[in-house]
Amino acid sequence: MAGNGLDKERLTWILTQMTRIREFEERVKGTFEEHPGVIRGHTHLADGAEASIVGSLAALRDDDQLLTTYRCHGYPVALGTDPKALMAEIYGRSTGICKGYGGSMHLTDVSRGFMGTSGIVGQGIPHATGAAYAAQIRKKGQVVLCFFGDGASKQGAFHESLNIASLWKLPVVYIMENNNYNVVTRTEQEDANAAAGEPLAVKAKAFSMPGVTVDGGDPLAVYDVVSAAVERARAGEGPTLVESLVYRLSAHGNIIVPPGIPLHFPEHEAIEVFGNVEEYEAAKRGDPVPRFRSKLVTDGTLTPEEADAIAQSARDEMAAAVTYGVESPFPAPDDAVKYVYA
Amino acid sequence: MAREQLPYIGAILEAIREEMQRDETVLYYGQNIATTENDPFLQAFGPDRVRVTPISETAEIGMAVGAAVAGYRPVVELYMAEFMLVAMDQVVNEANRFHYMSGGQVKVPVVLKAGYGFTAGWAGQHTGTIYGMFMGVPGLKVAVPSTPADAKGLMTASIRDDNPVVFFHHYLLTLEHGDVPEGEHVVPLGQANVAREGSDVTIVGIGWTVGKALAAAEQLAADGVSAEVIDPRTLAPLDTATILASVEKTGRLVVVDQSTRHGSAAAVIAAEVASEGFSSLKAPVQLVCALDATIPYSEPMEEYILPNEAKIVDAVHQVLSPTAA
Amino acid sequence: MAVEGGAGRELLRTMWRIRVFEERVGQLTRADEVHGLVHLSSGSEGVAAGVCGQLRADDVVYSNHRAHGHAIAKGAPLAGVMAELMGRDGGLCRGMGGSMHLVDAAHGFLGATGVVGGNVPLALGSALAGRLQGGDQVAVVFFGDGAVQGGIFAESVNLATLWGLPVILVCENNGFAEFTPRSAHTNVERVSDVVSPYGLERETVDGNDVGAVRDAFARFLAAARAGGGPALLECLTVRLRGHYEGDPQLYREALAADEWQELDPILRLQRRGLEEGWLEADAPARLEQEARDEVEDAVHAARESPFPPPGLTVELVYAP
């Protein structure tokens, strides 16, 4: 049975983090309506991927590390970074986790092992590979998780990095969150394996690396697969490619327009571009957050009241993060020229 | 009866469409285009000439070079200038060199269409102005239109040119409307435009900063300063003759560029004038560039970094009465 | 089907021309008549001959920095190649390209490139153009085992497979990428295993058995001409010389002479030709001498060719 060996405390932690991530992302999305103009540029939400994110992070030790894509809000929320600092960053305030320098796509919390992101598809994969190299020679048994999407697996950087990691037996786990879309393109339109009906995990064969596909909507299944990969890495046996099947419930990101036109989230591309309402409705029915909540309640791990309390607590916490963000000061303009060099 | 004005982006797409109609060897491909049957380019030209590609800039650009050498004229949709960086080898070390190293046997008529300068909260990796990296690359041409009409004319010229062209279009100008000639409209590469005539000072603007320069010129006119504004329109080859002629008339030069100083076209223009037009100058050249920093996310900091009308006006006052160093 | 008769003699002729040409270029490099960075293909003549001998002028070939043999096998005149190496106006590229940038468009050799892997997407473009033009031309790209780990290679394989392009990827796997053995580049030994996730046709052959190269390539060529997609032919071969001329090769043990005698594609085919009777007893010596004469004529012609006018550097930057 998936998740064997996880006690009530751990299972509760998993549901709590999934709920907190969902609530955080809902509040980010809500900011476009409640506080128009506060979020500028482009933001990408992880609603729908909570089980994959939390199931993966549940396998980590405190001194392990991770790097992700620009769809990065969920990870620091689960790691324990103060959501106030995260929201303030997304709002460009000096109290943000990056002091307003990075914004939504570039959250970082080095104190918790979240070493950074890249806004360029696939280019964070070499970064994570380098972090794993450092971990290897530091000899403290640390492991690095590298998160990226299915679109990144067509980038040369993906291939170049996985080859080296396999050759050097680097302590890294490559987690590909396959949500079947790259903005408005479906994976089978751009990937020879997907076009042939194969799971993308087969790409691991090119690197003599184990490749495994897992239901990214089931946090315990993800936990099992990622833990095994983490232990393999920690034992010095090298990397693994994990293909985690998820469905993102929001569009790729908010619409892209020049200033003057209000930003908002359009419908998911399944509907807006492909007219495939049924695919989207099915994904909503399989929403991993209520699904896991139901599982814990029906198997008696949590009472409905305990589950409700988790949800309420998350709502309160993230509402406070929004308030904190809008009330936070902006950086001084001439702060712009700091941090150019260390 | 003149037609309605077109937005900048519409003018560019009109040029691509009209050239594809005129010449069946023109291709248009890139990421996230033509993924559904009702895409207008796909409907007009079919799935051979219009395709979606995966995120593989290196392969996309390299493939464009190979198809060009074999007789096609690909236009590659790259979206953002920074997305070329992962494939720089193909842009500055392959596409541009083929004609030369083959002793003239082959040519590479490729257009790399790349948006730039999206300083609207897009943060450090999506907002750069990097055309400076592509100037001075032998064999490569660089176009930077500032108006919808020029956008159409330069795209047409770029597609017809037998050399690789990097076509930079500014994201903040995307929906700026303007009069755009219907039908065939060519703006030759390498030809600057005098956007406003004047006699007291020459202001050279590039892309988005042309509009800033024109606004500054209005402000200055109210103070009795007559500014001439020049838009180079192409950065490689650069029309230094037009700029030098203007500086000969005014004796004073301000160059406004959204790039960082040492990566700017402004530095190149200033060097050209200093070396070829020194005797015309009555004051040192002033550069108004972005400060030397990655574009920060937060709005007040972002504004602080960039050129604006006030900085341009200050620079003009500097060249009119230079203070001692 | 075993190589024999006229076909066998033709393959031997091509291999001898390459063998002697490369040997002569090595001498000229040491004598400082050929300048710059030179990479010789001595040892892998069987691959060039086995592949290019079956191609038409309208089939396009791209190669890498180790391109002399491919250019010659594709039909580039020896004098033109030699003059190019000497930087003369009579060279294939009027002296503008040199060893790593040979181009002979008239024979469909679109050229050598100096950046590893940079040639692979170019071949995709040629294949795409051929398909769009409705003909049955194919594109062939030569690269080494070192190129296979590059991002460019993987991106190209995905796209070529997805779009079914008629490109044949020919890998000369000589076990070394510059100064390091394959094991320092990847833990996947066979290049054909690296592309296995994409399901394209692939085969590994003994690259020093020119008949095996010819047969395998013939099958891939027929499939591509019939509208098929990409294929990969991995030829296990030997790089007799260093990565470049002047490389002291401290990183590898020299191949013993008697070991090379067994592997040498020329000697092997000649032995068989003599045994099977389609080669006369004096044929090996005669073929070698003919090659020497032809190469010497090329050297002579190259030495007579003037250097290009300096103004050519400016004239050729842009197409008019």
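Predicted, not measured: the structure shown is a model, and the values here were computed from it. (Residues numbered from 1 in each chain as written. Chains lettered and ligands numbered in written order. Predicted model: local features only at pLDDT ≥ 70, side-chain atom pairs only at ≥ 80, totals over all residues.)

Draft legend 1. A look at the overall build of chain C. Helices and strands together make up the secondary structure of chain C, namely 12 helices and eight strands. Here chain C has a C-alpha radius of gyration of 19 Å; the compact-globule value for 320 residues is 20 Å, and the two agree. Structurally, chain C occupies a C-alpha span of about 60 × 50 × 40 Å along its principal axes. Going through the 320 residues of chain C one by one, you find that 60% of them count as buried. Long-range contacts, defined as pairs at least 24 residues apart, comprise 74% of the intrachain contacts of chain C with a sequence gap of at least 6. (Helix = DSSP H or I, 4+ residues; strand = E, 2+ residues; numbered from the N terminus. Rg over C-alpha atoms; globule rule 2.2 N^0.38 Å. Buried ≥ 20, exposed ≤ 12 C-beta atoms within 10 Å, placed from the backbone. Contact = placed C-beta atoms within 7 Å.)

Draft legend 2. Just the sheet that holds strand 1 (residues 65–68) of chain A, in detail. Residue and element names in this part refer to chain A. Pairing is parallel in the open sheet, where six strands are placed in the order 2-1-3-4-8-7. Each edge of the open sheet carries a strand with a single partner, namely strand 2 (114–117) and strand 7 (211–215). Each strand of the sheet is rotated relative to its neighbour by a mean of 20 degrees, with strand direction disregarded. Summarising the sheet, strand 4 (residues 172–178) and strand 8 (residues 240–245) pair through six bridges and their orientation is parallel. Considered in strand 8, the bridge of Glu 177 is made with Ser 244. (Pairing = 2+ DSSP bridges. Axes fitted to C-alpha atoms, helices over the stretch in contact; angles between N-to-C directions.)

Draft legend 3. Molecular detail of the environment of B:Pro40. By the secondary structure assignment, B:Pro40 is in helix 2 (residues 40–49). Considered as a pair, B:Pro40 and B:Gly139 are 99 residues apart in the sequence and their alpha carbons are 33 Å apart.

Draft legend 4. Quick look at the pairing of strand 1 of chain A. All names here are of chain A. Side chains of strand 1 alternate between two faces, with Gln 65 and Leu 67 and Leu 66 and Thr 68 buried alike. Relative to strand 3 (residues 144–149), strand 1 is paired through three bridges, and the arrangement is parallel. What sits directly across from Leu 67, in strand 3, is Cys 146. Both strand 1 and strand 2 contribute to a ladder of three bridges, which runs parallel. Bridging across to strand 2, Thr 68 finds its partner in Thr 117.

Draft legend 5. The arrangement of the nonpolar core in detail. Grouped together as the largest cluster of nonpolar side chains are 312 residues, with contacts concentrated most on A:Cys146 and A:Val173. Looking at this core, the element that brings in the most residues is helix 1 (residues 5–30) of chain C, giving nine residues. In this structure, this core is formed jointly by two domains, domain 1 (6–178) and domain 2 (193–320) of chain B, each of which donates at least three residues. Setting aside chain neighbours within four positions, we find A:Val173 in contact with A:Val143, A:Leu145, A:Cys146, A:Val226, A:Ala229, A:Val230, A:Ala233, A:Pro239, A:Thr240 and A:Val242. (Core = buried A, V, L, I, M, F, W, Y, C linked by C-beta atoms within 7 Å. Domains from an automatic or database assignment.)

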